[in-house]
Structure formats: structure tokens, C-alpha cells
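# Chain and residue survey
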Amino acid sequence: MRLARGDDTRTLMLDCDDATLAFGPCAGPALRANAGAAGYYRVAYGDAGQSALAAGFATLPAADRLALLSDGFALARAARQGLVAHLPFLAALSPPRDAPVALLWMTALDQIDELPHIFAGTTPEATLRGFHLALLQQAHRALGWDGAADEGAKFQSLRRRVIAALARTGHEPTRAEAERRFEAAMDLSSPMPDTLRRAVLAAAGTSADAARVERMLQAMAAGLREGDRLVYLPGLTQVSETAQIEKLLDDALAGRMPRTQASRLPQSLAWNAQRGEQVMAHLLGHWPAWKALVGDSAFGTLPWLLPGTAWNSMDPTMPERLAAAQQQHLGTTGQSLVAQATATMRTRQQWRARTRYARPGGSSAAVAGALTDHDCPARRRVGHSFGGRTCCLLQSR
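What comes next is a walk through the structure. The structure presented is a predicted model; accordingly, all values stated were derived computationally and were not measured.

Here the focus is the sheet that holds strand S1 (residues 2–5). Spatially, the three strands line up as an open sheet ordered S2-S1-S4, and their pairing is antiparallel. Two strands in the sheet have a free side with no partner beyond their single neighbour: strand S2 (8–11) and strand S4 (31–33). Across the sheet, the mean angle from the axis of one strand to that of its neighbour is 20 degrees, orientation sign disregarded. Here three bridges tie S1 to S4, and the two strands are oriented antiparallel to one another. Along S4, the bridge assignment pairs Leu3 with Ala33.

Going through the model one piece at a time under the given rule, you end up with three cavities of 30 Å³ or more. Of the pockets and cavities examined, the largest cavity occupies roughly 80 Å³. In this structure, the largest cavity is lined by Arg32, Ala33, Asn34, Ala35, Val43, Tyr45, Asp64, Ala67, Leu68 and Asp71. If one sorts the elements of the lining of the largest cavity by residue count, helix H2 (residues 62–77) sits on top with four residues. Lining the second largest cavity are Val43, Tyr45, Gln50, Leu68, Asp71, Gly72, Gln81, His86 and Phe89. Mapped by element, the contributors of at least two residues to the lining of the second largest cavity are H2 and helix H3 (83–91). Considering every element that reaches the lining of the second largest cavity, the biggest residue donor is H2, with three residues.

Where empty space is left becomes clear once a probe the size of a water molecule has been rolled over the atoms. Its volume calculated, the largest pocket comes out at about 770 Å³. The wall of the largest pocket is formed by 29 residues, among which Arg160, Arg161, Arg168, Gln238 and Trp271 lie closest to the centre. Every element with two or more residues in the lining of the largest pocket is listed here: helix H4 (99–112), helix H5 (115–118), helix H7 (153–168), helix H9 (194–205), helix H12 (233–236), helix H14 (259–269) and helix H15 (273–285). Of all the elements, H7 adds the most residues to the lining of the largest pocket, at five residues. Residue composition of the lining of the largest pocket, by class: twelve nonpolar, six polar and eleven charged. When its volume is computed, the second largest pocket comes out at roughly 370 Å³. Along the walls of the second largest pocket sit 17 residues, with His117, Arg168, Thr169, Asn272 and Gln274 positioned nearest its centre. In terms of residues, the lining of the second largest pocket owes the most to one element, H7, which gives three residues. A per-class count over the lining of the second largest pocket returns four nonpolar, eight polar and five charged.

In total, this model carries four aromatic pairs according to the counting rule given. With a centroid separation of 6.2 Å and an interplanar angle of 80 degrees, the aromatic rings of Phe119 and Trp351 are classed as edge-to-face. Residue Phe119 is located in the loop between H5 and helix H6 (125–143), and its partner Trp351 is located in helix H19 (residues 335–354); the two are separated by 232 residues in the primary sequence. Each member of the pair, Phe119 as well as Trp351, is classed as buried. Clustering of aromatic rings is evident, with ring pairs tying together Phe73, Phe119 and Trp351. The ring of Phe182 is capped by Arg212, whose NZ or CZ atom sits 3.9 Å from the centre of that ring.

A word on the nonpolar core. Of all hydrophobic cores here, the largest spans 53 residues; its most connected members are Leu201, Met257, Leu265 and Trp290. For this core, the leading source of residues is H9, giving six residues. Residues contacting Leu265, with those up to four places away along its chain left out, are Leu233, Thr237, Leu248, Leu249, Ala252 and Met257. Residues Ala30, Leu109, Phe131 and Leu158 belong to the second largest nonpolar core, which totals 47 residues.

Calculation rules
- Residues numbered from 1 in each chain as written.
- Predicted model: local features only at pLDDT ≥ 70, side-chain atom pairs only at ≥ 80, totals over all residues.
- Heavy atoms only, no water.
- Pairing = 2+ DSSP bridges.
- Helix = DSSP H or I, 4+ residues; strand = E, 2+ residues; numbered from the N terminus.
- Axes fitted to C-alpha atoms, helices over the stretch in contact; angles between N-to-C directions.
- 1 Å grid on protein atoms, 1.4 Å probe; cavity = no way out; pocket = protein on both sides within 12 Å on 5 of 7 lines; lining within 4 Å.
- Points joined across faces, edges and corners; volume = space filled by probe spheres on them.
- Nonpolar A, V, L, I, M, F, W, Y, C, P; charged D, E, K, R; others polar.
- Phe/Tyr/Trp six-rings, centres within 6.5 Å; stacked < 30°, edge-to-face > 60°.
- Buried < 20%, exposed > 50% of the residue type's maximum accessible area, 1.4 Å probe, protein only.
- Lys NZ or Arg CZ within 6 Å of the ring centre and 35° of its normal.
- Core = buried A, V, L, I, M, F, W, Y, C linked by side-chain atoms within 4.5 Å.
- Contact = heavy atoms within 4.5 Å.

Take a look at the structure:
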């Protein structure tokens, strides 16, 4: 294992359950394990190490920052450390003004977009939604709506995700700007970059009325190329009203959208767990029609249809219901996909159960102070010695 403090780097052969390495006095930069992120393992730091690394997060090498974000979230999901311990690293992200930091933000968005869904309906939800919104606003202030002509693909993709996510939170300035740009986005001959077009349509879709949904549906059906038709799917799948969701699913079965997009529709709608139950009920209530539509198309293979729709569900009864539905309609086909979906659902549900609200108030940057975690057992450890005092550095299996 490669260890580093500042520019001082050493390598430790971890061939036993416990090992201690003398690494100088406590003063100075925080100690980093798996420096350079070349090792195939996760690293969980003790409280002191985490605090020091979070405080100096912006000055760390990009690879180490990425490893801290990836490891912390994975360990929190697996109950190897708490969510509380990970949030300060997300709060320490600097604005995305260069390519390495943009990559960090893509990883961070994968994480913070998931948290409000996991904790929907619980006491921590409002605090986490505030934290989520504050981070999105920070990224958007740096990115804006329009990038430079020579801007890289990472920035374009990040901007698309940030704008769409802001609109999903109900952020009115973002929705209003998307409304202003909607007509240009609908005109595929306009010079608007494709990533921004998708962002605008997705943001506009969060507040679209029936007429606007119908316009996007008709434009999709009229598209001559696959890429043109796909542009409209993000906008259609952001609708939230029950009647609109039902009509879209009915329209897919009625042949009002191309088969490729229709096959993707259920899982795209069910990405939002609050819509997943309605989508699953439609699939099961119209199974022969969905089976005929999806078949083994390239983007929506039949064995994946039910597991993919259930994937984000927070209903504790969904794993059993999914297994029964898959068995009834497809027999043993796709059981490995059911197992993957079930493992994902149960991991999220367990995470939700072990995170509690400790106290109200606090800014979004200090959200970690409002939550407590339970039942995160320690595993194998490596310590580092500071003047005869050994501190926990690594926890692993």
C-alpha cells in the first residue's frame, strides 16, 4: 500500500491483519493511504484523518480527491463508515473550472443526486435536499448556461447534468431560463449544442403542461435520425404528474413513439423512485403489450424491464414483489438481474434505516452536524504511529 504525507511517499506491504508504520510527527499534511489511487481497495480513515483530509481537500492531487469521494460513498453505502463522515468531502469541492475538478463533480453528482431519493419522507430529507441544492448552485455559478467554443466534453456533460438536476429540485430561476430557451431547443437546426439542448428540454420537462409534452412527443415521432429522436426523451421522462405519466406509457404502447425510445421509457421514468410504483403497475397491468413492444430490442431487453424499473425503489416490499413478477412472467430468465436489483434496493433501505437526525438547523455546508450514523462496524486496520501513539488509518475487510 502506498502512503503519502505531502511529498513524502512510502510503500507498506500489508500481509497481516494489523501493521504499524512510523511516519513522523503529527504536524504537517494529512496522511493519505493508497496515494495515487492505484490500489484495488477502499480506504476508511479515522476521525482525525478524515477531518484533516477534508480541511485540505482542495490541495490534494486529483487522483487522491477522486479516491476519497469514491471510497467514502462506497463505504457509507456498505455500512463500513457513516454518511456523516463523507459529506464534508462533498462540501469541500472547489468550483469546476478545470477538467480534473469537472471529473470530481461528475462523481459527486452521482452521489448527491441519489441521497434525496434514499431519504425521501424521512426527517433528514429537508437537510439533505438543502445540501444538494447548495452544491448544484455552486457548480452552476461556475459553469453558467453557455460554455466557451473550445470547452471540453466533460464541462458540457457536467453542465447538462447540473441544469437538469437543479430543475428537478424545483429551482425556479433554472426552470424560468429553460422556459426562455425552450423554442430554440426544440428547433434542431438552431446552433444550440446538443448537450445544452438536452439539458434545456429536461429542465423544461419538470414543469411541462400537457401541450408541451405533446409537442415533444410529436417531435420525437417525426425525427428522421436516432440521435434526433433521443434528444426529446430527457424532457418527456421528467414529467411528474400522475396523469401525464400514465398517458406517456399508454402512448408508448399505442405506437406514438419509436420503439427504441418506447422501450427505454419505463426505466427512464422510474429513475425517480416516486414514479416507479406507477410505472411498475402499468407494466404488470399491460404485460402482454409491453412484452410485444420491448422484446429483445437493443436498448430495452425484456429480462431487464422489471428489474430496471424497480432498481431505485425504496419500498421494502419491492424485492419480493419483483422476484414474484419476474418468475410469473419470465420464469428463470433474468434472475441474475433480479438479484442485482434486489441487492441495490436492500443496500439503500439499510442505509436509510441506520441514518438518524441528530439536531435541527445548520447551514447546508455543515449538514454533517445534523445527522448521526449507527451500526458501522470496524474491520481490518492499519495504524500509523505518531510519537508512540497509534491512530486508526485504514478499515477494510
